[in-house]
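# A look at the structure
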Amino acid sequence: MSRPTILLDYPVLDCPDPIALAQFYAGVLGWDLVRSEEDWAVVQGQGERRLAFQLAPGFETVDWPTDGVGAHLDLVVDDMDAAQHWVLDLGADLVEDATHDPGFRVFRDPAGHYFCLCRRDQ
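Before going into details, it helps to say that this report is about the structure given with it. For every chain, the first residue of its written sequence is number 1, and the numbers climb from 1 along that sequence. At least 70 in pLDDT is required for a residue's local features to be given in this predicted model, at least 80 for side-chain atom pairs to be given and counted, and no such filter applies to totals for whole chains, interfaces and linings, which use all residues. Excluding hydrogens and water, the side-chain values take into account all heavy atoms of the structure.

## A few points about the packing of aromatic side chains
Paired rings are identified among Phe, Tyr and Trp, the last through its six-membered ring, by centres lying within 6.5 Å, and are further divided according to the angle between planes into stacked (under 30 degrees), edge-to-face (over 60) and tilted (the rest). Tallied over the entire structure, the rule returns 6 aromatic pairs. Ring plane angle 20° and centroid distance 5.7 Å describe the contact between tyrosine 25 and phenylalanine 53, whose orientation is recorded as stacked. Here the residue tyrosine 25 occupies a position in helix 1 (residues 18-29), and phenylalanine 53 occupies one in strand 4 (residues 50-55), the gap between them amounting to 28 residues. Between tyrosine 25 and phenylalanine 115, the ring centres sit 6.1 Å apart and the planes meet at 70°, which makes this aromatic pair edge-to-face. Here tyrosine 25, found in helix 1, pairs with phenylalanine 115, found in strand 8 (residues 114-119); they are 90 residues apart in sequence, far enough to count as distant. Type-normalised accessible area, obtained with a 1.4 Å probe on protein chains alone, sets the label of each residue: buried when under 20%, exposed when over 50%, and partly exposed for intermediate values. Here tyrosine 25 falls in the buried class, since its relative accessible area comes to 0%. An aromatic cluster is built from Phe24, Tyr25, Phe53, Phe107 and Phe115, whose rings are joined through pairwise contacts. Helix numbers and strand numbers start at the N terminus; a helix is a DSSP run of H or I with at least 4 residues, a strand a run of E with at least 2.

## Focus on the nonpolar core
Residues grouped as a nonpolar core are buried Ala, Val, Leu, Ile, Met, Phe, Trp, Tyr and Cys residues, joined through side-chain atoms within 4.5 Å. Of all hydrophobic cores here, the largest spans 23 residues; its most connected members are Leu21, Tyr25, Phe53, Phe115 and Leu117. If you list the elements that add at least two residues to this core, you get strand 1 (12-15), helix 1, strand 3 (40-44), strand 4, strand 5 (73-77), helix 2 (80-90) and strand 8. Per-element accounting of this core gives the leading share, 6 residues, to helix 1. Contact partners of phenylalanine 115, with chain neighbours within four places excluded, come to Phe24, Tyr25, Leu73, Leu75, Val87, Ala92, Arg105, Val106, Phe107, Arg108 and Asp109. Contact criterion: two residues are considered in contact whenever any of their non-hydrogen atoms come within 4.5 Å of each other.

## What to know about the environment of tryptophan 40
Mapped onto the fold, tryptophan 40 is located in strand 3. Between the alpha carbons of tryptophan 40 and cysteine 116 there is a distance of 24 Å; along the sequence they are 76 residues apart. Setting aside chain neighbours within four positions, we find tryptophan 40 in contact with Tyr10, Val12, Pro18, Arg35, Ala52, Phe53 and Gln54.

## As for the sheet that holds strand 4
For two strands to be treated as a pair, DSSP must find at least two bridges joining them. An order of 1-4-3-2 is seen for the 4 strands of this open sheet, with the pairing classed as mixed. The sheet terminates laterally at strand 1 and strand 2 (32-37), the two strands that pair on one side only. Neighbour-to-neighbour, the strand axes of the sheet open up by a mean angle of 15°, direction not taken into account. Pairing geometry for strand 2 and strand 3, over 5 bridges, is antiparallel. To get an axis, fit a line to the C-alpha atoms, keeping to the stretch in contact for a helix; angles then go from 0 to 180 degrees between the N-to-C directions.

## Focus on the side chain of histidine 113
As for its placement among the helices and strands, histidine 113 is situated in the loop between strand 7 (104-108) and strand 8. Histidine 113 gets classed as buried once you look at its relative accessible area, which sits at 14%. Here the side chain of histidine 113 touches aspartate 14 through a polar contact of 2.8 Å, landing on its backbone oxygen. We define a polar contact as two N or O atoms separated by no more than 3.5 Å, with the added condition that, inside protein, one atom must be a possible hydrogen donor and the other a possible acceptor, whereas residues neighbouring each other in sequence contribute only through side-chain atom pairs.

## Here's the deal with the environment of phenylalanine 59
If you trace the backbone, phenylalanine 59 turns up in the loop between strand 4 and strand 5. Exposure remark for phenylalanine 59: the relative accessible area of 25% places this residue in the partly exposed category. Along the primary structure phenylalanine 59 and phenylalanine 115 are separated by 56 residues, whereas in three dimensions their C-alpha atoms are 17 Å apart. Beyond its immediate chain neighbours, meaning those up to four positions away, phenylalanine 59 contacts Asp14, Cys15, Pro16, Ala111 and His113.

## Observations concerning helix 1
The span one expects for a helix is its residue count, reduced by one, times 1.5 Å. The end-to-end C-alpha distance of helix 1 is 16 Å, a good match for the 16 Å that 12 residues give at a rise of 1.5 Å each. Among the residues of helix 1, Pro18, Leu21, Ala22, Phe24, Tyr25, Ala26 and Val28 are the ones counted as buried.

Spatial relationships are all this shows, so hold off on functional conclusions.
Printed below as a string of structure tokens:
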């Protein structure tokens, strides 16, 4: 049997407020909010790059490192300090004890998902 066509469409983050979280990531990434409904929102960047947000009324955040992280987003940046300032101004929280590696920093988005800013040269 040959492998059928299976393609990754886009990652989906569960959250209590899809529109608010989509607006956060649209601001972080400079992407457009292309779909905005009470239970589903999508942001899109260049080409087919998209990220979706799905209503999950019972959504609970995890506590790193106790509960692990599960999946997270790595966002590549050229200027770590400028990017950190940007995401903090948009509502992210810096995870102070996450790492001692200067090549990346760990944050939580407004819904509590973890994401990393990673220097491009790493």
